[in-house]
Every structure is written in structure tokens, then in C-alpha cells.
Amino acid sequence: MLTGKHLIAGTWVAGDATFLSSPATGEALAFAVGTPAHIDAAAKGAEAAYPSYSALSREARAAFLDKIADEIEARGPEITAIGTSETGLPAGRLEGERGRTTGQLRLFANHIRKGDYLDRRFDAAQPDRAPAARPEIRMMQVPVGPVGVFGASNFPLAFSTGGGDTASALAAGCPVVVKGHSAHPGTGEIIAQAIEAAIKASGLHPGVFSLVQGGNRDVGEALVQHPLIKAVGFTGSLGGGRALFDLCAQRPEPIPFFGELGSVNPMFLLPAAVAARGEALGSGWAGSLTMGAGQFCTNPGIVVVIDGAETQGFIDAAKAALAKVGAQTMLTDGIAQAYRSGRDKIAAATGVQEVLTSVCDMRQASPYLFEVSGADWLANHALGEEVFGPLGLIVRVRDFAEMQAVAAALQGQLTCTLHIDPADYPQARVLLPVLERKAGRILANGFPTGVEVVDAQVHGGPYPASTNFGATSVGTLSIRRWLRPVAFQNLPAELFPADLV
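Residues numbered from 1 in each chain as written. Predicted model: local features only at pLDDT ≥ 70, side-chain atom pairs only at ≥ 80, totals over all residues. Heavy atoms only, no water.

Engineer: Hey, could you go over helix H3 (residues 76-87) for me, with residue numbers and the actual values?
Structural biologist: An ideal rise of 1.5 Å per residue puts 16 Å on 12 residues; H3 measures up with 16 Å between its terminal C-alpha atoms. Among the residues making up H3, those that are buried are Gly76, Ile79, Thr80, Ile82, Gly83, Ser85, Glu86 and Thr87. Of the surrounding elements, those touching the buried residues of H3 are strand E4 (30-32), helix H2 (58-74), helix H4 (91-114) and helix H6 (185-202). Just downstream of H3 lies Gly88, where phi reads positive at about 80°. (Helix = DSSP H or I, 4+ residues; strand = E, 2+ residues; numbered from the N terminus. Expected span 1.5 Å × (residues − 1). Buried < 20%, exposed > 50% of the residue type's maximum accessible area, 1.4 Å probe, protein only. Contact = heavy atoms within 4.5 Å.)

Engineer: Give a description of the packing of aromatic side chains that names residues and reports values.
Structural biologist: The final tally for this structure, using the stated rule, is 11 aromatic pairs. Between Phe19 and Phe31 the ring centres are 6.0 Å apart and the planes differ by 35°, which places this aromatic pair in the tilted class. With Phe19 in strand E3 (residues 18-20) and Phe31 in strand E4, this residue pair connects regions lying 12 residues apart in the sequence. The buried category is assigned to Phe31, whose relative accessible area is 1%. Geometrically, the ring pair formed by Phe258 and Trp482 is edge-to-face, given 5.5 Å between the ring centres and 85° between the ring planes. On the criterion of sequence distance, the pair formed by Phe258 in strand E11 (residues 257-260) and Trp482 in the loop between strand E20 (439-444) and strand E21 (483-489) is long-range, its members being 224 residues apart. We classify Phe258 as buried; its relative accessible area is 12%. Ring-pair connections join several aromatic residues into one group, and the members of that group are Phe150, Phe234, Phe245 and Phe257. One Lys or Arg, Arg100, reaches over the ring of Phe155 and ends 5.6 Å from the middle of that ring. When the ring centre of Phe122 is taken as origin, the NZ or CZ atom of Arg138, which lies over that ring, is 4.2 Å away. (Phe/Tyr/Trp six-rings, centres within 6.5 Å; stacked < 30°, edge-to-face > 60°. Lys NZ or Arg CZ within 6 Å of the ring centre and 35° of its normal.)

Engineer: A description of the pattern of salt bridges should follow, citing residues and the corresponding values.
Structural biologist: This model, assessed by the stated rule, comprises 22 salt bridges. Of the charged contacts, one joins Glu71 and Arg75 as a salt bridge, the two residues approaching to 2.7 Å between their closest N and O atoms. The two residues Glu71 and Arg75 agree in class, both being buried. Arg277 is the salt-bridge partner of Asp421, the closest N and O atoms lying 2.8 Å from each other. One end of the pair, Asp421, is in the loop between strand E19 (413-419) and helix H14 (425-436); the other, Arg277, is in helix H9 (residues 271-290), and 144 residues separate them in sequence. (Salt bridge = Lys/Arg side-chain N within 4 Å of Asp/Glu carboxyl O.)

Engineer: Residues and numbers for empty space enclosed by the protein, please.
Structural biologist: Think of a ball as big as a water molecule: rolled over the atoms, this probe shows where empty space is left. Under the defined criterion, the tally for this structure stands at 3 cavities of 30 Å³ or more. When its volume is computed, the second largest cavity comes out at roughly 100 Å³. As for the second largest cavity, its lining consists of 15 residues, of which Phe258, Gly259, Ser466, Ser473 and Arg481 are closest to the centre. Elements with a contribution of two residues or more to the lining of the second largest cavity: strand E10 (231-235) and E11. Of the residues forming the lining of the second largest cavity, the biggest block, 3 residues, is contributed by E11. Per-class residue counts for the lining of the second largest cavity are 3 nonpolar, 9 polar and 3 charged. (1 Å grid on protein atoms, 1.4 Å probe; cavity = no way out; pocket = protein on both sides within 12 Å on 5 of 7 lines; lining within 4 Å. Points joined across faces, edges and corners; volume = space filled by probe spheres on them. Nonpolar A, V, L, I, M, F, W, Y, C, P; charged D, E, K, R; others polar.)

What follows is the structure, given as C-alpha cells:
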């Protein structure tokens, strides 16, 4: 049963005010409005939990993560019911995302059991070294402290209350304070109930996890500025994320802000691939572009293609496939309005031509397809900015040199994709070093929607794709965001932390 309350260090807490959810279907429900005071209590609870939680054995933390996964699975039908109501996402999508969420938790449990993430290093003492003896130095990674996490709108499970940021921080040994997203507060509360049950079953300090619902901008600001919070994970808009990033940097003690902010995930179609399978590429792109109403951070919003005899076949196939896609419900009214605003900005830009237009209103989104010359794209920085939704822009360049210019002009991206056949390899070799500097993940002959949660995954990239190009929010490497190295010099063996040996 939903309480409509915050979970703060083991206690369900009401607020002085409530807000109503805005579900796609079903009844609106009331939830407590978060305040800076709630953040303060949660951060203090996290700090109180830190000494015991960070000192847990890796096996005990792994068992806790496995227990969270079990508790989430036990609430599967309940999660699907409230999730579909709040977001408008189909049941199959929610069930798949729930599997990804529990899979992440179990992946991190196995990862920390192995211990490789500690990056332990040992330099033996050399007492007889001249002219000065060398001390013994041992190093390993230790948790940074309490972590703040912002729930994401587009993934109510995998990137929100119990999602990848929370899972990786808990795996690292860091208590977590989550600011829930107001788009799916009921879903967030049920996940919090699952985490609370796992905390109790594991006998852990209740401050290891807190969820603060809703709240105005001051709640998010309070979280990133609280002196007990030592790092922050965020997925959201460029404007909101950049403001929080700046606040983290301006603190008396600056802290890292790991934000994922925006990406258009360009695809580069080289001539031989277009000639061999242009129509298949067009229909495949349409499927990726409209998946989940285009509300994926890896949505491939831009295609760059050299103008030629086969180019129109690709465009016609994309148009035909998009025309068959009906209106889809977007996650929130605000996201739907932002999509329409982005469409209007693209449509009004110099040189942009409509290929496919439609009508969408209220919370519905329909596909749009536009094209523009490479010269006009290069002259207008706004055409390289993300439109969150099923909108595609085709950049028709004159030749390979102009394609190179477009690649060089890109901002940082989560992904860049090359569609190539063997005859395209010489040009691909030229593009690849450019794209390596632009993106965290480079694909060949695929579509970027669908992010595998594996050891080798990188879900990040140069700004504005993310605020820290050396980090990822997906995959086991993401645990490093919540760790810092400590060297122990000449420490007696009797005082070694358990993991240092």
C-alpha cells in the first residue's frame, strides 16, 4: 500500500504539504512535498550509517544488493500496475526495465564479491635502498561517503530510486539519499519499500537509504549543497543539470557531480552501406527513433548522409516507416510540451525542410522528420541540440569532406554510429579518431537505443553528454564514481582494513 510519504532513515515521514501525481491513466494520488529539512534529516541519517555500512564485508554488501533485487521482484505486479498508470509506458516495457534493474543489482553484487574494483596495489619496502629507504605502500579504493541521486523521468526503474546510480553507490559502500522524480512518485515509493525491507532483513543501519519525494528546486539545491553529501548522480535536462553542477563546484568543499545531460547520438551513413541497404537503414532508423516515444537518452536524432543517387531511397524508407507510427503517450505533460517546442525550433530554422509532419497535442507525441543541408547545419548550432522525442533530422552533406566537418563540429555525445560496408572502411578510418573524441560509445552497423549493462559498457561522454567524460552511469565501471584511492604507508598489519590484504 502506498503511504504518500518520504522514507527518511527508516521512518516514513509526512510533509506539511502534498502534491498530486499526474498519471497518464488512472487516479491522481497525493504525495508529500519534499523540503530542505527533509534533505537535511536524510543526509544526517546517511552520515550516521556510513561508518558501519562502509565497513561491511564485500559479501555482506553483495547479499544486501541481492536482497533488494529479490524484494523488487516480489513486488513485480504492483510495480507494473503503478508504473504503467503514472508513465503511460506499456506493461512489457516496465517488466523489461524491472528485469534490468534487478539485473544491475545482482551484477554489482557479483562485481564486488570479486574485489577487482578495489584496484589494490602494493609496493614493498626497500629498507636498504640508498640514499634513502623506501617505505611500504599499499593502496586501495574506499567509498567517498553519502551520495545524492536524482531520479530520472524516462526510466522510472533502471535510472531512478533503485536504479544504476543507487545500485553502484550502495555497492561501493556509500549510503544514498534519493530525490524522487515527481513523474512517478508511486513507483518510487514501492521501490523504496523494497529497499527498506532489504535493509531490515540485512540488519543494516536505516540511514543507508532515504527517499525524498517531489519538492521545488530548492530541494535539489539542498541535496547537492548539503555538506554531508560527497558526490551526486543526475540524469536530466542540460539546463537543470548544469545549474546543479555549478552549485557543486561552488560549495566550500566542491564535490563531483556526475550528470548525464543531453545527446543527439548522430549516425553517419557511408556511401557503400547506403547503396547496399539504404531502405533497410531507413526503416531501422525509424524503429529506433520512435522506440518509447523517442524518450531514450540514446535516441538517434540525427543522421548524416552524403547526397547521392541512393540517398533518397533511404529517406523515403524512413518516411514510410515513420508514417505508420501512431501517437504515443509521453512521460509527462512537460516533456510533451518541450517536444513540441523543440519541433517548432527545428522547423523554423533556416534551410530546414519538412519530410514528414503530423499533429500532436496534450501528452501525445507523433514522429517528425526534417532534412537540412550540411552547410545550413554547420551554420546553426541549435540544430545540433537534443529534441527529446521521436524527431529525426537528416543532414545531407555534399561530400565526405563536409561529413568530416559535421563530425568535427559535434558537441559531446553518448554515442556515435557508423553504418559501413567494407568499401567504406577507408573513410571510416578517417572518421573514427574524430568520433572517439566526441562520444563514449561508438557503434558499427547498429542502432544506439538499448544499452547493455555489462563490464565493458560506457554510458557517458564529453560535455554536454555528461559532466565527467571519464565516468559511466551504466556498467560495472560506474562504481568508480563513488570511490577514491587511499594509500597506506608503513601501516602495521594489525591495522589493515579487511580489504587491504
